[in-house]
Amino acid sequence: PLMFSQEVVEAAQRHARAEFPKESCGLVVGGVYHPCRNVAEDPEKDFIVHPQDQAKALTKGKLQAVIHSHPGGPAWPTQADMEGQLKTGVPWAIIPLLEDRMGEPLVWGADTPIPPMIGRQFVHGITDCYSIIRDTFRLGREELAKQDIVWPFDPIELPEVPRDDAWWLREDQDLYMDLFQPFGFEEINFKEARAGDVFLINVNSPKVNHGGVLLGNNLLMQHFPGRLSRREPAGLWARQATVWLRYKH
């Protein structure tokens, strides 16, 4: 669902086009898009809002959102984008654009509505395999029941994890294995797995780089790149999983 008025979207898109091939950046304040100057050292790959422009925009009210463009892609947030969003505590949006094409804004973070769990498009960092796990936990039993999903727990807020795409190829990151204990999970034997548990698996990778959740009725839910999120019988995946985890209440 689009969180911004059409005027805001069009103003941000015009700004993105005007700044191409540099990243545009602007702030939504008082329901209006305020274009700002990008003072990053390498404005084609990064953005920093000019402090004067920010101060001027904020005289009009409270910061509602940050919008910036990704000329030439990627059409998803970087780790730095995700960290910036968490720091500001408001939704962020990316406008992906090429020389001849402009994409719709990708919006995430803060109070952005959670899209339906089944049939969502894969967007790294916004609706990917960690998002399926996190969104299932944070929606909880009653909200998921409205989507005909059987889940045992009330809402549980798992932290957001700023991450670059293909983090599993980097020496210094092993997100799932490093974080499951700090986030309140413990490893269990797959024979004990029950609704509410999480499975992790290696997909063409030496590191665990994919996960999903076990629902009621012996179904699981997961989301792969290039596919819509889906529910399927647990059998095959349950046996192939590298690790099974249980949240400790």
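Report follows, based on the coordinates. Everything numeric here is computed off the predicted structure, so don't read it as measured data.

Topic: the pairing of strand β7 (residues 198–201)
Okay, step 1: Here β7 shows a buried face lined by V198 and L200 and a second buried face lined by F199 and I201.
Okay, step 2: Judged from the four bridges that link them, β7 and strand β8 (residues 210–214) form a sheet pairing that is antiparallel. The residue of β8 that forms the bridge with V198 is V213.
Okay, step 3: Where β7 lies against strand β11 (residues 243–247), three bridges are found, and the strand directions are antiparallel. Residue V198 lies in a different strand from β11, and its bridge partner there is L245.

Focus: the packing of aromatic side chains
Okay, step 1: In the structure shown here, the tally under the stated rule is 13 aromatic pairs.
Okay, step 2: Where F137 meets W151, the ring centres are 5.1 Å apart and the plane angle is 80°; that geometry is what we call edge-to-face. With F137 in helix α4 (residues 129–145) and W151 in the loop between α4 and α5 (175–179), this residue pair connects regions lying 14 residues apart in the sequence.
Okay, step 3: Judged by its relative accessible area of 0%, F137 is buried.
Okay, step 4: Both rings, one in F137 and one in F185, keep their centres 5.5 Å apart while their planes meet at 80°; by these two values the pair is edge-to-face. Linking F137 in helix α4 with F185 in strand β6 (residues 185–188), this pair joins segments that are 48 residues apart in sequence.

Reading guide: rules and limits
- Residues numbered from 1 in each chain as written.
- Predicted model: local features only at pLDDT ≥ 70, side-chain atom pairs only at ≥ 80, totals over all residues.
- Heavy atoms only, no water.
- Buried < 20%, exposed > 50% of the residue type's maximum accessible area, 1.4 Å probe, protein only.
- Helix = DSSP H or I, 4+ residues; strand = E, 2+ residues; numbered from the N terminus.
- Pairing = 2+ DSSP bridges.
- Phe/Tyr/Trp six-rings, centres within 6.5 Å; stacked < 30°, edge-to-face > 60°.

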